[in-house]
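Structure assessment
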Amino acid sequence: MSNRDDERPDENPASTKSLHDDDRDPLGLSPQVPSDIPRGLDRRKFIMRSAVISAAAVMTGCARSETERTAPPPAAESPQTVATSGTGAGPVVPLSPDLDVVKKGKGPVLTTVDEFYKVGPGPSSSHTIGPMRITYDFYQRATKLPADKLAKATALRVNLFGSLSATGKGHGTERASLAGLVGKEPATVDPKFLDSLRDKPDQVFPVKLGNKSIDVSLKDVIYDATKGDFKHPNTMTVKLLAGDEVLLEQEYYSVGGGFIEWKGYTPPKKNPPKYPFKTMKELRTYADDNKTTIAKIMLANEMSITGRSEQEVNAFIDKIINAMVATVKSGLSMSEDDVLPGPIKLHSKAATVYKRAMDDKYEAERGIGALSAFALAASEENGRGHLVITAPTGGSAGVMPSLVYGLLEVRKVDRQKIRDGMLAAAAVGYLCKHHATLSAAEGGCQAEIGVASAMSAALVATAYDAPSLVVENAAESALEHHLGMTCDPVAGYVQVPCIERCAFGAVKAWTAFAIASNEIASRHRVNFDETVMALAQTAKDMNSKYKETSEAGLAQSVTLC
């Protein structure tokens, strides 16, 4: 953490009084500064913000309107809210306080690497991996029903709501949902099976429930209401029916990054972490006080929470590293003439960009060109619906693999350094999930590409043995410069602008590390925790049209021919 607290001017009544009472203020700030500070807001920050707004009005010649001058001050609000209106700013509707993803912000971080880094089919962790996990969970529940109930069963039904309904077709949500119903899991499903559902949509599959067999098809997955009073933008229900009678029903929520919850969800009990933290400041303090690294603190917590050994944690991380490398290699191997599935008819470009980057004529641009190609390769694999890794999501699945591939396969950085980097990156992702969101349906693309870029910056900084403050600063910069990024996938497909955004996110991650490792770390003026709060607030304020609904932005302005 920087020496920000030591450098702050004294907050004393005299300085506040002069700001209010000095009639000689050349910018005319005094009349514009409210004397009543809203409860829940920091007094100094509120006064300074009001002064800046007023100064801007004077300098630009734009006076504040009577409505603005007399409007009631804003109330302090919870960061865990979303806008649900399709016009204007939209009424702000809080996420259900029952959701564990909301409750987690009040306690120490308990997420673990095997929960966070998931292998599954693209193109979206929230719209593909999450729904498949949900229907597989329901399938498991249904198999446990009494035999007399199962004997009456006649049908299985899935209803998709909110963002899952709005853009599910472009994400293959119905195929993923059907795959889970027939007993397939994200980490082991053959992408060719999902492709076959796309190519032959009329296929019927028997689902064995006890002695009863029920036929299911894509027709049993229904795209339902896109607007409504949902507990989460990604809501779905699954039912087992006997005619019109409901034998078993469950409401589920795909809350981002492949994480799922359901109505009445109770998180599994875990062991306490060795170093409980809720903020990056707390996490870094542990590292600095113990003269160790963020990665080592995270490893100790992983072992404490899960009861696994260091070798077991590393073995899982190695699987994820290997999977990331494999996605890049697979993407680079695709022909330059390959066209991604869907109506956009987008040609893959990873091989083309890589080929040019390796051309000696462009040697000066090789680093950025190769890194971009690696990101494009993994992201195009996601667009094909092939297996990717949530880091933190499917839509951002090109960012971290590009840095992992570049460090391990090109720069030959020691694998243990990459393992450490993966742990530090996880810490960044955990905190964003804990206090903001990983879901584009809740927070726009800043929650996916932005978090992935921040994680990647922490990965690189850690791999190069940067001090903990530099790791934090790198992650902060990468996240800061994605704030406000909307999610506006053209035609609902995770292709435009998603694939190229992964490349830009990777380059920004490297840039963030380069700046953080060359600046005077203590002079970095914004800390990571502040930026995560900005992420949460921006997600709350963002119009719902820009949250993975394909109702605005490029999704509206791009015309497909």
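Before any of the text, the structure's been laid out above.
Below, the structure is looked at part by part. (Residues numbered from 1 in each chain as written. Predicted model: local features only at pLDDT ≥ 70, side-chain atom pairs only at ≥ 80, totals over all residues. Heavy atoms only, no water.)

**Some points on the pattern of salt bridges**
Working definition: two side chains of opposite charge can pair if their charged atoms are close together. Throughout the structure, instances matching the rule amount to 22 salt bridges. One salt bridge connects Asp318 with Arg419, and the closest N-O pair in it is separated by 2.9 Å. Of this pair, Asp318 sits in helix H14 (residues 310-332) while Arg419 sits in helix H18 (residues 415-435), and the two are 101 residues apart along the sequence. By relative accessible area, which is 15% here, Asp318 ends up buried. The salt bridge involving Asp338 is made with Arg384; its shortest N-O contact spans 2.9 Å. Of this pair, Asp338 sits in the loop between H14 and helix H15 (350-357) while Arg384 sits in the loop between helix H16 (366-383) and strand E11 (387-389), placing them 46 residues apart in sequence. We note that Asp338, like Arg384, is buried. Residues joined by salt bridges that share partners form a network here, namely Asp338, Glu380, Glu381 and Arg384. (Salt bridge = Lys/Arg side-chain N within 4 Å of Asp/Glu carboxyl O. Helix = DSSP H or I, 4+ residues; strand = E, 2+ residues; numbered from the N terminus. Buried < 20%, exposed > 50% of the residue type's maximum accessible area, 1.4 Å probe, protein only.)

**Section: the sheet that holds strand E10 (residues 259-262)**
The five strands lie next to each other as E7-E4-E8-E9-E10, forming an open sheet whose pairing is mixed. In the strand order of this sheet, the two ends are held by strand E7 (221-223) and E10, each with one partner. In this sheet, adjacent strand axes meet at a mean angle of 25 degrees when their direction is disregarded. Here strand E8 (residues 234-242) runs beside strand E9 (residues 245-256); their pairing, made up of eight bridges, is antiparallel. Bridge pairing links Lys239 to Glu249 in E9. Along the sheet, helix H7 (residues 125-143) contacts strand E4 (155-162), E8, E9 and E10; its crossing angle with E9, the most-contacted strand, is approximately 150 degrees. (Pairing = 2+ DSSP bridges. Axes fitted to C-alpha atoms, helices over the stretch in contact; angles between N-to-C directions. Contact = heavy atoms within 4.5 Å.)

**Regarding the packing of aromatic side chains**
Taken as a whole, this structure holds 14 aromatic pairs when the rule is applied. Pairing Phe161 with Phe230 gives two aromatic rings, centres 5.7 Å apart and planes at 45 degrees, and the pair type is tilted. Remark: Phe230 occurs in the loop between E7 and E8 and Phe161 occurs in strand E4; sequence separation between them is 69 residues. Exposure remark for Phe230: the relative accessible area of 22% places this residue in the partly exposed category. One aromatic cluster in this structure is built from Phe116, Tyr117, Phe259 and Tyr430. A cation sits over an aromatic face here: Arg141 above Trp262, 4.8 Å from the ring centre. Stacked on the ring of Phe259, the Lys or Arg Lys433 has its end atom at 4.4 Å from the ring centre. (Phe/Tyr/Trp six-rings, centres within 6.5 Å; stacked < 30°, edge-to-face > 60°. Lys NZ or Arg CZ within 6 Å of the ring centre and 35° of its normal.)

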